[in-house]
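# Breakdown of the fold
Residues per chain are reported as follows:
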Amino acid sequence: MKYVSTRGHAPVLGFDDVLLAGLARDGGLYVPESWPELSVAEVAGLAGRPYRDVATRVMAPFLGGGIDEKLVAGIVAEAYARFRHPAVVPLRQVGDNEWVLELFHGPTLAFKDVALQVLGRLFDAELTRRGERLTILGATSGDTGPAAIEACRDRHSLDVFILHPAGRISEVQRRQMTTVASDNIHNLAVEGTFDDCQDLVKAIFGDLELRERLRLSAVNSINWARVLPQVVYYFSAAVSLGGPSRPVTFSVPTGNFGNALAGWVARRMGAPISRLVVASNRNDIATRFLTTGVMELQRVHPTSSPAMDIQVSSNLERLLFELLDRDAGEVASLMEAFGTTGRMEVPMERVVPVHDVFDTTTVDDATVARAMGELYAASGHLVDPHTAVGLGAAALCHTDPTVPIVCVATAHPAKFPDTVEAATGVRPELPDHLADLFDRPERCTALPCDLASVRDYVVANARAG
Ligand SMILES: *Cc1c(COP(=O)(O)O)cnc(C)c1O
């Protein structure tokens with residue numbers, strides 16, 4: 001399998017190079033040259049198989065010789081052995097024809113572990129083979145940082161620098177990062193906001209000489225290898241509920257659109273999916289784009305589902321590429337307009353075809369709290385506020401009641417104990433493996449909100465270059 005950039009001016013690469021490149025050199029995102037398809041018999045053959053086997057089967061056509069298939073099978077088995085549920089991503093029935101797909105049984109209790117546990121190992125295997133090193137740099141508002149650190153700890157080929165806004169993330173989230181005692185992990189507490197941290201990271205990536213020298217890379221969902229492992233659970237869940245003969249609908253809480261895009265890819269490949277509900281909180285750039293064809297930046301509004309409080313849904317660019325029949329020139333000019341003016345528009349007739357797949361809804365904080373409270377009262381189950389955005393959207397979309405609806409659960413409720421307690425009266429507890437989190441020693445470097453200080457720290461501590 002070869003990969004092309006959505007903007008058409010970057011080299012065509014194999015999976016191994018796409019993995020290490022992350023963003024394409026022309027500013028676009030890498031996508032496979034064509035979408036592989038599984039036959040109905042092949043989909044049926046996934047039923048009853050262990051999750052790691054489903055993952056290996058679904059991911060195989062995307063590797064295409066770039067990385068050895070057996071190596072990936074080993075990586076997948078190791079990554080998912082760390083999940084604390086034998087089904088890895090269990091389905092829990094919460095209503096007549098309603099399920100919750102629990103993606104949060106990984107080491108940091110966030111669905112980002114599903115992809116990052118694979119990605120960290122893929123990075124390490126490929127860099128070790130090449131005898132190279134990489135520097136991972138990122139900013140976190142809470143969920144991505146712990147998952148990235150846990151995925152990359154003790155990996156000799158990687159140095160990881162994660163900026164967080166000092167005093168502005170929860171204590172659980174901070175401790176999940178700062179208690180990792182590993183020489184290649186660097187936690188930087190910056191005196192500023194999350195946006196300040198993002199700006200510092202962007203400024204360092206913008207220094208092209210430094211970027212080359214330190215082999216800077218990112219682990220967010222601009223990297224195709226991070227979207228790919230997320231395609232798998234759409235297959236496994238649909239098949240568990242009776243696919244391929246009985247299609248299901250998924251409701252997906254959406255921020256960067258990586259998870260929703262993975263659902264679209266699964267459907268394109270032949271997963272028995274009826275519809276995908278794209279569920280936004282008040283920060284609704286993705287749902288606005290899908291309903292109006294206008295992609296427009298607005299100010300970020302803080303909500304009770306903070307991992308979705310973002311302005312730019314990067315993965316919409318991959319969908320846009322498909323909406324425009326893979327016209328990379330058109331994607332490049334629209335995205336450049338969006339980059340400079342904060343607005344671009346696609347004719348509605350280009351967007352309407354995906355309404356066969358996507359329902360879109362925005363859910364406010366009051367509805368989120370009500371969804372958590374009602375679910376607890378009806379079934380005794382607690383869900384986190386992000387998952388509740390999906391539950392609220394599923395209820396609002398009035399999808400066909402004869403089609404099973406699966407709400408994708410993206411975080412463990414104990415990551416957001418205050419919000420869950422306020423909505424349900426019950427305080428969710430951390431699982432056993434994190435019970436001593438508050439007793440473990442912390443390691444963290446405090447830095448002023450200043451480009452030179454952060455850059456100098458990274459340069460002094462990165463081993464690449
Ligand atoms: C990252 C995240 C999301 C959003 O996922 P995207 O792929 O960015 O749309 C939703 N919920 C939680 C808990 C997350 O950490």
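Look above for the structure.
Residues numbered from 1 in each chain as written. Predicted model: local features only at pLDDT ≥ 70, side-chain atom pairs only at ≥ 80, totals over all residues. Heavy atoms only, no water.

Counted under the stated rule, the structure contains 32 salt bridges. For R130, the salt bridge identified is with E126, shortest N-O distance 2.7 Å. With R130 and E126 both in helix α5 (residues 112-130), this residue pair falls 4 residues apart, about one helical turn. The exposure class assigned to R130 is partly exposed, which follows from its relative accessible area of 27%. (Salt bridge = Lys/Arg side-chain N within 4 Å of Asp/Glu carboxyl O. Helix = DSSP H or I, 4+ residues; strand = E, 2+ residues; numbered from the N terminus. Buried < 20%, exposed > 50% of the residue type's maximum accessible area, 1.4 Å probe, protein only.)

Look at α5 against helix α10 (residues 224-240): their axes get within 8 Å of each other, and the N-to-C directions meet at 125 degrees. Viewed along their axes, α5 and α10 adopt a mutual orientation that is oblique. The two elements α5 and α10 cross, and the hand of that crossing is right-handed. Contacts between α5 and α10 involve K112, V114, A115, L116, V118 and L119 from the first element and A225, R226, P229, Q230 and Y233 from the second. The class makeup of the residues in the contact of α5 with α10 is 8 nonpolar, 1 polar and 2 charged. (Axes fitted to C-alpha atoms, helices over the stretch in contact; angles between N-to-C directions. Parallel < 35°, antiparallel > 145°, perpendicular 65-115°, else oblique. Left-handed = near helix turned anticlockwise from the far one by under 90°. Contact = heavy atoms within 4.5 Å. Nonpolar A, V, L, I, M, F, W, Y, C, P; charged D, E, K, R; others polar.)

A separate point is the pairing of strand β15 (residues 405-409). Of all 5 residues in β15, 5 are buried, a share of seventy percent or more. Of the two faces of β15, the one holding I405, C407 and A409 and the one holding V406 and V408 are both buried throughout. When strand β5 (residues 98-102) meets β15, the two strands line up parallel, connected through 5 bridges. By the bridge assignment, E102 is partnered in β15 with A409. Judged from the 3 bridges that link them, strand β10 (residues 248-253) and β15 form a sheet pairing that is parallel. By the bridge assignment for β15, S251 is matched with C407. (Pairing = 2+ DSSP bridges.)

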